[in-house]
Amino acid sequence: MRCVRVWFKKMGMSRFVSHLDLMRAMTRALRRADVPLWYTEGFNPHPYITFALPLSLGMESLCESMDMRIEGDSTNEEIFRMLKDNMPPGIEIVKVADPISDPKKISYGDFDIFFDCVDNGDDIVKLINEILSSDELIVQKLGKKGRHKVLKDINIIEFIKKYSVSSFNGRVKLNVVLPAGSATNINPSLLADEIQKRIGTNANYTLIRKQLLTENMDLFE
Amino acid sequence: MVNKEVEKILPLVQKPGRYTGGELNSIVKDKSKVDLRYAFCFPDSYEIGMSHLGIKILYSVANSRDDVWCERVFAPWTDMEQEMRSRSIPLYALESGDPLTDFDMIGFTLQYELSYTNILNMLDLAGIPVRAKDRGGLTPIIVGGGPCACNPEPIADFFDLFMLGDGEEVTGELFDLLIECKKVNTSKEEFLKRAAEIKGVYVPSLYEIEYNEDKTIKEIRAKETAPDKVTKRIISDLDSVHYPDKFVVPFIEVVHDRVVHEILRGCIRGCRFCQAGFLYRPIREKSADTINTQCRKLCESTGYDEISLSSLSTSDYSHLEELMEKLLSWTQDYKVNIALPSLRVDNFSEKLMEYLRKVRRSGLTFAPEAGTQRLRDAINKNVTEDELMNTARQAFSGGWTAVKLYFMLGLPTETYEDVAGIADLAQKVVNEFYKNPDKPKGKGVQVSISVSSFVPKPFTPFQWEAQDTMDELVSKQNHLLSSVKTRKISVSYHKVNISFLEGVVARGDRRLSDVIEYAWRHGCKFDSWDDNFLFDVWLEAFEKCNIDPLFYSSRKRDYSEILPWDHLDYGIRKEFLINESKKAYLNETTPHCKIKCAGCGTNMLNGGKCDAMCKSMV
C-alpha cells in the first residue's frame, strides 16, 4: 500500500459540485477506472481518500489535489492513464505524483478574480487599486463563537499578502494571495463581493484558485 | 449545457448541481441531426426524479434511436423558480439547456396524484399554455404515462394524450407517427386521431363525458374513430426488452443513488388495497442471467457500490437464490452491496438473511399492513402472526435489534379493535426480542411502526369504497398512540389532509381540472412536501369551483356506477374485482397466483401467458 497525490483541475460547470459531492463523484470515478484501491479493513470497507483543502462551491481551480492509498505496484504514470478518461465532465486529471508537502502546511491561496465589465476597465482597475491601497476594508466573515456561528467584522486588507490588478478584453483581473488552510482561511469571495459593491456595477465575477502555498510561500506539491 | 443567464443565477440557489446538467453518462446529440426532440419531465425535484427507475429506462430507450434526442427536465425548487421567473428564464432541459418550447414532444411521468400542480407549473415556466385546447400547433405535443395514467381524468384537459401501461414500445410508435406528421405538417387534430389508433394511446379530447343529475357519470362516449376502450400496453418478454447499460450519475446526492434492477414486473399477491399489484399484471420475470449481466455492466459504467433488486415483492422472484449466488460471485470482490427492498415475512428464509448479512447489514422492514388477522384476511395480505413472529425471531437471533413495520389506517371494515391490534402486534415483536436467549448484551430493541392512511385507488377491489374522513383518521391515529404502552415502540404517521386530497384526486373525474388549476394559480406546488402543502388553498379551490371533495373521497359507490376510468382497460376483469370486494367483507382470502390462478384476466394481455403459473400448468 502506498499513497499517491492526484492533481486535477475543476473547471466550468463542475465548480457547482460541492466538496461532499466531489468525494462521491471521485470515489465512483476511481471504481470505474478500476484503480487498485486500498480499502479500509473495518466493517464497512471504503477507499481512503482525502483532499488537501476543500474548494468553495462555485469556485474553479487549477490546483486541486486528492491523496489516496493504492495496492499493488502500479506506477504513477499507470495510475494517471487509468484515471484520465474516467473523470466526470469538467474534472481533468493533470498528473499523478508522490506527495511531497504536508497538507497541514498549506497557508496561502493564490486566486484570480475576474470581474465582467463593459468598456470602463481602466477606471475599475484604478478604483480597485484605490480600495486595496487604503488601510481598512471591513467585511463580514462567518466565524465561530464557542459553538455558535456569528458574523464577525474583519479588516480584509490586513490579510492580503499581495495583489495585482489588470484589465483586458472587457474583463478586470484581480490576482490576490490570501490566507488559506486550517489555521486562517479567508474566502476571496468576501473581497470580491465587497469590491463588486464598491464599484457599483452588477458585474458578475468568477473565481479561480491557481495555487496553494506553504508558510514560506513555497508551492504546495 | 446551460446558458450564461442561468450560470449567473446558479451561485444564488441551493444545490446548483441540480440545474447544470452535464452529469456522467448524460447524452448529448447534435440537434440538427435528429428528427424529433423529446423532453422527459419528472414533475418533482431533481433528487426525487433522478431516483426513479422508469425515467432511466425510457431515457435510454428513446436515446437508443439515432433520430430522437431525449432530454431530462425536473421541477426547479422554489428558490430557483423565483430567480428564473424574475429574469424571464424559461424552463430548460438539462442536456442542451434549450427551452421546452424547442421540443416536439414533452412527456410527464405521472407517479403520484400530488405532483399534478407541478406539471402545470412546469408548463407555465416554459411559457406553454396549460390547457390542451389553448395550444394550437402540432408541436409541442404534451403526453403523460405512468401509474396515475390509469385514471388521468383530473388532468385530462391539460394533456394531449396518455400512454397506458409499459412505455418501452409505445413511446417509439408515437415518435414514428409524430416524425411522419411533422414532415407533412399535419394538424394536431389529425395527429391525435391517428395516435388514438395506436394500442395503449388514450386521447382524452376524443371522449365525451355526460353526467347524471346526482353528479355521477351517465355515459363516456368515444368520438369518431377512437376506440370505446383503450387497452394498456405490456412488454411480453423482459429479457429481450431494452434495459440501459448506463445510468446518468448525478453529482449531487439523490434519494436512491445506486444501480437499480427491476427483476420482475407484476405481483402474485393480490393485496386488495394495492393498486400497483393490479396495474402491473400479468407477472413477468426476468432471467437471473440477464439480471446478473446487466447489473455488472451498470456497476462498471457508473462506479456505484450498491445494487437494489427492485420489484413489488422481491422475495417472490422464483430464481432469487440463483440470482444471489451469481451476483455474490463478483460483488464481494468488487465491494458492491446488494439491497433487497420489498421482502415479505412469509418467505423470509434463513438463507436470505445470510445473503443480506454478507453485504451491509441494512434495516429490516416488513409490512403486515393491519393489526389483526381478521383485517389482514379482509385485505388479503395473507400474512399470519406466527409468520411475523418467526421472522422477528430469526432476525433477532441473526443480530438485528431494530425492525420497522408498516401499517395502514382506514382500511375498509376496520374497527378500533383492529387499530389497537397494531400496538399489540408491535408489543409481541418486542417480547419476542426479550425471549431470545442470545440477544446482544446491553442493547434494547427498537420497533418502529409507520402508519399511512389508506386511499382507495382505481383498478383495485376497493375502488368502490368510501375513504375514512379526516376526523375518523385522526381519531384512529390517537387511538393507536394511546394503545402503545412502551417507549421501545415508536410510531410515525402521515398527515391526514394530504391523504384526503390524494383520495379525491385519485378517483376524480374531469371536473377536477378547474380545482387543480385554481390551486396551482394560487400558489400550490410541491404538494407532497409537507412544508409546501397549502391545504387551505385547496379547500378554497374546491369551494370556488363548486365541487364537493367528499363526493369523490368519502362516497361509497355502487358496483353498477360508471367510474371515470371505465373506458380504460388494464386487463383486469371488473367481475374479478367485484368478487374480491365481496370476499373482503366476508374476511375471505384469495390464495396467491402461484398456488392458484385467481382469474384476474390480465394474462389475456400476454397471449394467455403469466409467469406466476407453474410451468406444468402452461
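Residues numbered from 1 in each chain as written. Chains lettered and ligands numbered in written order. Predicted model: local features only at pLDDT ≥ 70, side-chain atom pairs only at ≥ 80, totals over all residues. Heavy atoms only, no water.

## Quick notes on the packing of aromatic side chains
For the coordinates displayed, the defined rule picks out 26 aromatic pairs over all chains. Both rings, one in Trp77 of chain B and one in Trp529 of chain B, keep their centres 4.8 Å apart while their planes meet at 65°; by these two values the pair is edge-to-face. In this pair, Trp77 of chain B is assigned in the loop between β2 (68-74) and α4 (78-86) and Trp529 of chain B in the loop between α17 (513-521) and α18 (535-544), connecting sequence segments 452 residues apart. Following the ring pairs from residue to residue traces out a cluster consisting of Phe108, Phe159, Phe162, Tyr202 and Tyr207 of chain B. A cation over an aromatic ring shows up here: Arg171 of chain A above the ring of Phe114 of chain A, its NZ or CZ 4.2 Å from the ring centre. Its end group placed over the ring of Phe551 of chain B, Arg555 of chain B keeps NZ or CZ at 4.1 Å from the ring centre. (Phe/Tyr/Trp six-rings, centres within 6.5 Å; stacked < 30°, edge-to-face > 60°. Helix = DSSP H or I, 4+ residues; strand = E, 2+ residues; numbered from the N terminus. Lys NZ or Arg CZ within 6 Å of the ring centre and 35° of its normal.)

## Considerations on the pattern of salt bridges
Residue and element names in this part refer to chain B. Enumeration over the complete set of coordinates arrives at 71 salt bridges over all chains. Salt-bridge contacts for Arg65 lead to Asp67; the nearest nitrogen and oxygen are separated by 3.0 Å. The partner of Asp566 in a salt bridge is Lys574, with the nearest N and O atoms 2.9 Å apart. The structure contains a network of salt bridges with shared partners spanning Arg131, Asp157, Asp514, Glu517 and Arg521. (Salt bridge = Lys/Arg side-chain N within 4 Å of Asp/Glu carboxyl O.)

## Some remarks on the domain arrangement of chain A
Residues and elements named next belong to chain A. Here chain A is described as being made up of domain 1 (2-99) and domain 2 (104-214). For domain 1 versus domain 2, the separation of C-alpha centres amounts to 28 Å. In this assembly, 12 residues from domain 1 lie in contact with 12 residues from domain 2. A buried area of about 970 Å², summed over both sides, lies between domain 1 and domain 2, and 65% of it is on carbon and sulfur atoms. The largest share of the area that domain 1 buries against domain 2 comes from Leu53, Met59 and Cys63, three residues that together contribute 56% of it. Two residues, Glu64 and Arg209, come together in a salt bridge whose shortest N-O distance is 2.9 Å. At the surface where domain 1 touches domain 2, the tally comes to seven residue pairs in polar contact (both at pLDDT 80 or more). For the side of domain 1 that touches domain 2, the class distribution of residues is eight nonpolar, two polar and two charged. (Domains from an automatic or database assignment. Contact = heavy atoms within 4.5 Å. Buried area = accessible area lost by both parts, 1.4 Å probe. Polar contact = N/O pair within 3.5 Å; in protein donor to acceptor, adjacent residues only side chain to side chain. Nonpolar A, V, L, I, M, F, W, Y, C, P; charged D, E, K, R; others polar.)

## Thoughts on the nonpolar core
Residues and elements named next belong to chain B. Membership of the largest hydrophobic core comes to 122 residues, with the highest contact counts inside it found for Tyr38, Leu100, Phe108, Leu110, Leu161 and Phe191. The leading source of residues in this core is helix α6 (residues 167-183), at seven residues. Residues lining this core come from more than one domain, with at least three contributed by each of domain 1 (4-231) and domain 2 (259-494 + 557-605). With residues up to four places along the chain from it excluded, the contact list for Phe108 reads Cys41, Pro43, Ile119, Met122, Leu123, Ile142, Val143, Gly144, Gly145 and Phe159. (Core = buried A, V, L, I, M, F, W, Y, C linked by side-chain atoms within 4.5 Å. Buried < 20%, exposed > 50% of the residue type's maximum accessible area, 1.4 Å probe, protein only.)

## So, unusual backbone geometry
Residues and elements named next belong to chain B. Residue Pro140 is reached from Thr139 by a cis peptide bond, and omega for that bond is -5°. Its place among the elements puts Pro140 in the loop between α5 (116-125) and β4 (141-145). Positive phi outside glycine occurs at Asn185, with the angle close to 55°. Despite not being glycine, Lys215 shows a phi value in the positive range, around 80°.

## Quick word on the state of the cysteines
The tally for this structure, following the rule as stated, stands at zero disulfides over all chains. Of all cysteine sulfurs, the one in Cys3 of chain A lies closest to Cys63 of chain A, which takes part in no disulfide; the gap is 18 Å. Take Cys63 of chain A: its relative accessible area is 8%, and that puts it in the buried class. The closest cysteine sulfur to the non-disulfide-bonded Cys593 of chain B is located on Cys610 of chain B, 6.1 Å from its own sulfur. (Disulfide = S-S within 2.5 Å.)

## Thoughts on the sheet that holds β2 of chain B
Residue and element names in this part refer to chain B. Strand order in the open sheet formed by six strands is β2-β1-β3-β4-β5-β6, with mixed pairing between adjacent strands. The open sheet has two edge strands with one neighbour each: β2 and β6 (201-202). Here two bridges tie strand β5 (residues 161-163) to β6, and the two strands are oriented antiparallel to one another. Of the residues in β6, the one forming a bridge with Phe162 is Tyr202. Where α5 meets the sheet, its contacts fall on β1 (36-42), β2, β3 (105-109) and β4, and the angle it forms with β3 comes to roughly 155°. Against the sheet, α6 contacts β1, β2, β3, β4, β5 and β6, and its axis sits at roughly 135° relative to β1. (Pairing = 2+ DSSP bridges. Axes fitted to C-alpha atoms, helices over the stretch in contact; angles between N-to-C directions.)

## Thoughts on the domain arrangement of chain B
Residue and element names in this part refer to chain B. Entries for chain B in the domain assignment read domain 1 (4-231) and domain 2 (259-494 + 557-605). Summarising the inter-unit geometry, the C-alpha centres of domain 1 and domain 2 are found 32 Å apart. Counting each side, the surface lost to burial between domain 1 and domain 2 is near 2100 Å², with a carbon and sulfur contribution of 57%. Connecting domain 1 to domain 2 are four salt bridges. Linking Asp166 and Arg284 is a salt bridge whose minimum nitrogen-to-oxygen distance equals 2.8 Å. Element by element, the count of residues in the side of domain 1 that touches domain 2 is highest for strand β8 (residues 217-222), at four residues.

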